[in-house]
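One-letter residues, chain by chain:
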Amino acid sequence: MSGFRPLSSGLRALQPAAFGADPSGERMARIRRSPHFKDGVFQNPGGTARIRPSASMTDFAKVFFDKEERPRRAPKGNIPVHATTLADIARPPATGLRLTWMGHSSVLAEIDGHRVLFDPVWGERCSPFSFVGPKRLHPVPLPLAALGPVDVVVISHDHYDHLDMPSIKALAGTDTLFAVPLGVGEHLELWGVSADRIRELDWHEETRIGGLTLTATPARHFCGRGMRNTQHTLWASWSVAGDEHRVYHSGDTGYFEGFKDIGAAHGPFDATMIQIGAYSDFWPDIHMTPEEGMRAHLDLQGGAPHGVMMPIHWATFNLATHPWAEPGEGTVAAAHATGSRIALPRPGEPFEPTAETVPGDPWWRAVAQEPAGGWPTAEAVTGAAIKTAADSAAKEQADARGVEGSGDPETVPAG
């Protein structure tokens, strides 16, 4: 690609506001100066990542429209949403750290007296249009206005399931600040957020908001909202550190060795929020399986179990061909394999990662289509987890010897 070319004024007038805006002026000049921007696009760590189905569209369509598998990609009943979210978050966290998963990648994090809202998506669809696109599978736990004051809204990247125009417009009417990756500020300004409330960061840059230090850290993904999908806005994961606690939000990312560097520079973390859904063999470079997500969590913690891992980017929207319950089951198996502590809250269920107990029930089983062999027992989960861990170790040993390993880690099946 030769470089960035703005849309003509005629095409720009035709595009929906939800498409956002292309970076321009000093913002575009800053993008061009970024060490991660080359040949007109932002570059992924670890080399080029496949961002579209790697097989033919015919092969993808066969999987997507499979009559037997399609029913498993959505719950068969109503997803349980925590009923007392508003009352629960009205009380300050006893430990100083509390997370409330609102569904998908949206999380309210209360850290040492400050409130951070990650990737707020309160819209009914993750789409530029109200009548088409992936539809929410459960209601939001409470209205956005009921959250109360938020110190900073953190955006990981500009895809519709992470950057929701109606939610941003609602938040634009408050006095919250926004921390976003380089280039994303152009969208926010179009939707009514004043430039002085936007902190726009390149990877490894940080900003101080109140008593929090927020650092944009690398991720392996891509960007795009409009008719073109050029890599001219950055994607990021985030480290947020308070006086006593620190958390990590992965955004969307494929697994890469850089998690170890992030952990060494900013960890260990009291809690990590890790993307473990919407993965596929058709796009293995840009989303993680549960086993890869757990590996990332351990990398971030210096290689040993520490803190709590909460799975995100699943259960709320149907964005891939895997069974709806598989990310949850896979996370349980990966935790058994590594001896890691995980939190499995229902949407809207607040918990304190450093407390003695965290939510741990596989709540999704009550509303998911049960696998042919039934749900795995604790013994079966442990057995599957040990096999997954052994396969992963064998691959790493083979890679270390410079020979071909067994391929990408297996996704632990739901049954």
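Computed from a predicted structure; not experimentally measured. (Residues numbered from 1 in each chain as written. Predicted model: local features only at pLDDT ≥ 70, side-chain atom pairs only at ≥ 80, totals over all residues. Heavy atoms only, no water.)

Chemist: I keep staring at the sheet that holds strand E16 (residues 350-351) and nothing clicks. Help me out?
Modeler: Here 7 strands make up an open sheet; going across it, the order is E8-E7-E6-E5-E4-E3-E16 and the pairing mixed. Each having just a single partner strand, strand E8 (198-201) and E16 make up the two edges of the open sheet. By the bridge criterion, 3 bridges tie strand E6 (residues 152-154) to strand E7 (residues 177-181) in an arrangement that is parallel. Its bridge partner being in E7, Val 153 is matched across the sheet by Phe 178. (Pairing = 2+ DSSP bridges. Helix = DSSP H or I, 4+ residues; strand = E, 2+ residues; numbered from the N terminus.)

Chemist: Can you help me understand the environment of Arg 70 in this one?
Modeler: Residue placement: Arg 70 occurs in the loop between helix H3 (57-64) and helix H4 (85-90). Note on Arg 70: relative accessible area 40%, which makes it partly exposed. Distance from Arg 70 to Thr 321, taken between C-alpha atoms, is 7.6 Å for residues 251 residues apart in sequence. (Buried < 20%, exposed > 50% of the residue type's maximum accessible area, 1.4 Å probe, protein only.)

Chemist: What exactly am I supposed to notice about the pairing of strand E13 (residues 271-275) here?
Modeler: Where a strand is regular, its side chains alternate between the two sheet faces. With 5 of 5 residues buried, E13 is to be regarded as a mostly interior element. Burial along E13 is two-sided: the residues Ala 271, Met 273 and Gln 275 and Thr 272 and Ile 274 are all buried. The pairing of strand E12 (residues 246-249) with E13 spans 3 bridges and is parallel. In the sheet register, His 249 faces E13, and the bridge partner there is Met 273. Two strands pair when backbone bridges link them, and E13 and strand E14 (residues 308-312) are joined in this way by 5 bridges, in the parallel orientation.

Chemist: Explanation requested: the nonpolar core in the structure shown.
Modeler: Where a protein is soluble and globular, its nonpolar side chains tend to be buried together. Membership of the largest hydrophobic core comes to 67 residues, with the highest contact counts inside it found for Val 116, Phe 118, Leu 214, Trp 238 and Trp 324. In contact with Phe 118, other than residues within four places in its own chain, are Ser 105, Ser 106, Val 107, Ala 109, Val 154, Trp 238, Val 240, Val 247, His 249 and Met 273. Listed in part, the 29 residues of the second largest apolar core include Cys 126, Leu 142, Val 150 and Trp 191. (Core = buried A, V, L, I, M, F, W, Y, C linked by side-chain atoms within 4.5 Å. Contact = heavy atoms within 4.5 Å.)

Chemist: How should I be thinking about the sheet that holds strand E15 (residues 341-342) in this particular structure?
Modeler: Two strands in a sheet stick together by hydrogen bonds in their backbones, pointing the same way (parallel) or opposite ways (antiparallel). If you trace the 7 strands from one edge of the open sheet to the other, you get E9-E10-E11-E12-E13-E14-E15, paired in mixed fashion. Of all the strands in the sheet, the pair left with one neighbour each is strand E9 (206-209) and E15. In terms of strand pairing, E14 meets E15 through 2 bridges, oriented parallel. Residue pairing for E15: Met 309 is matched across the bridge by Ile 342. Across the sheet, helix H8 (residues 290-300) touches E12, E13, E14 and E15, and the angle it forms with E13 is around 150 degrees. (Axes fitted to C-alpha atoms, helices over the stretch in contact; angles between N-to-C directions.)

Chemist: How do you make sense of the packing of H8 against helix H9 (residues 326-338) when you look at a structure like this?
Modeler: In a pair of packed helices, the angle between the axes and the distance between the axes together describe the arrangement. Axis separation between H8 and H9 bottoms out at 8 Å; the angle between their running directions is 45 degrees. Considered as vectors, H8 and H9 are oriented oblique to each other. Handedness of the H8/H9 crossing: right-handed. On H9, the residues that touch Pro 290, Glu 291, Met 294 and Leu 298 of H8 are Glu 326, Pro 327, Gly 330, Thr 331, Ala 334, Ala 335 and Thr 338. Per-class residue counts for the contact of H8 with H9 are 6 nonpolar, 3 polar and 2 charged. (Parallel < 35°, antiparallel > 145°, perpendicular 65-115°, else oblique. Left-handed = near helix turned anticlockwise from the far one by under 90°. Nonpolar A, V, L, I, M, F, W, Y, C, P; charged D, E, K, R; others polar.)

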